[in-house]
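Fold and geometry: a report
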Amino acid sequence: GEFRACHKIMAYILIDGYNLIGIAHKDLEKARNDIIEKLCRYSELKGHNITLVFDGWKGGQGMETKMRIDNVNIIYSRLGEKADFVIKKILSEDIKPWIVISSDREIFDFAVKKGFVSIASEEFEDKLNFALYPDEQEEIEYKVINRMPNRQKGNPMKLSKKHKKKLGALRRL
């Protein structure tokens, strides 16, 4: 790749793995490997530090399993423990400026309550695809526009603090 003078981390991203990829896959392992591969390319491209958490609670090991591929940390929760638990633990103990990716209401709310930015999985997926497939931009944009929720009431020019924070995070992704 090209020489990057500053190795500053652009963003710390904490991802609820199965929430992002869904669990309705014929081959779940392939789906996991695909997203890991995509995230590695994305972090390489953008200079993000990414932590991806998967549920290991059904078929997992007795211990939490961690591995690292390039700039992506992958964590499988231990048997009997959900990814939610691991994510909340990270948000409670590790004070990096996390951007949390999950559409799971509970995780989303927990992150916001702790002062972190939460972004829905679908929104993040769009960002990921934008970055990885720039030539399919229009198609992706069309999808995004059609998924936009209607504007809320209140002064549209005046964004809430929370919203400003989120927009700032989205710009960094």
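First things first, this report covers the structure right here in the doc. (Residues numbered from 1 in each chain as written. Predicted model: local features only at pLDDT ≥ 70, side-chain atom pairs only at ≥ 80, totals over all residues. Heavy atoms only, no water.)

Below, the discussion takes up the overall build of the protein. Secondary structure assignment for the protein yields seven helices and six strands. Across the protein, helices and strands are ordered from the amino to the carboxyl terminus as β-α-α-β-β-β-α-β-α-β-α-α-α. For the protein, the residues scored as buried account for 38% of the 173 residues in total. Carbon and sulfur atoms make up 54% of the accessible area of the protein, which amounts to about 11100 Å² in all. (Helix = DSSP H or I, 4+ residues; strand = E, 2+ residues; numbered from the N terminus. Buried < 20%, exposed > 50% of the residue type's maximum accessible area, 1.4 Å probe, protein only. Areas by Shrake-Rupley, 256 points an atom, 1.4 Å probe, with all protein chains shown as cover.)

Using the criterion set out here, one finds four aromatic pairs in the structure. Taking 5.7 Å as the distance between ring centres and 85° as the angle between the ring planes, the aromatic pair formed by Y42 and F124 counts as edge-to-face. In this pair, Y42 is assigned in helix α2 (residues 28–46) and F124 in helix α5 (residues 121–132), connecting sequence segments 82 residues apart. Like Y42, the residue F124 is buried in the burial classification. When the ring of F54 is compared with that of Y76, the centres are 5.5 Å apart and the planes differ by 25°; the resulting orientation is stacked. With F54 in strand β2 (residues 49–54) and Y76 in strand β4 (residues 72–76), this residue pair connects regions lying 22 residues apart in the sequence. For F54, a relative accessible area of 0% puts it in the buried group. (Phe/Tyr/Trp six-rings, centres within 6.5 Å; stacked < 30°, edge-to-face > 60°.)

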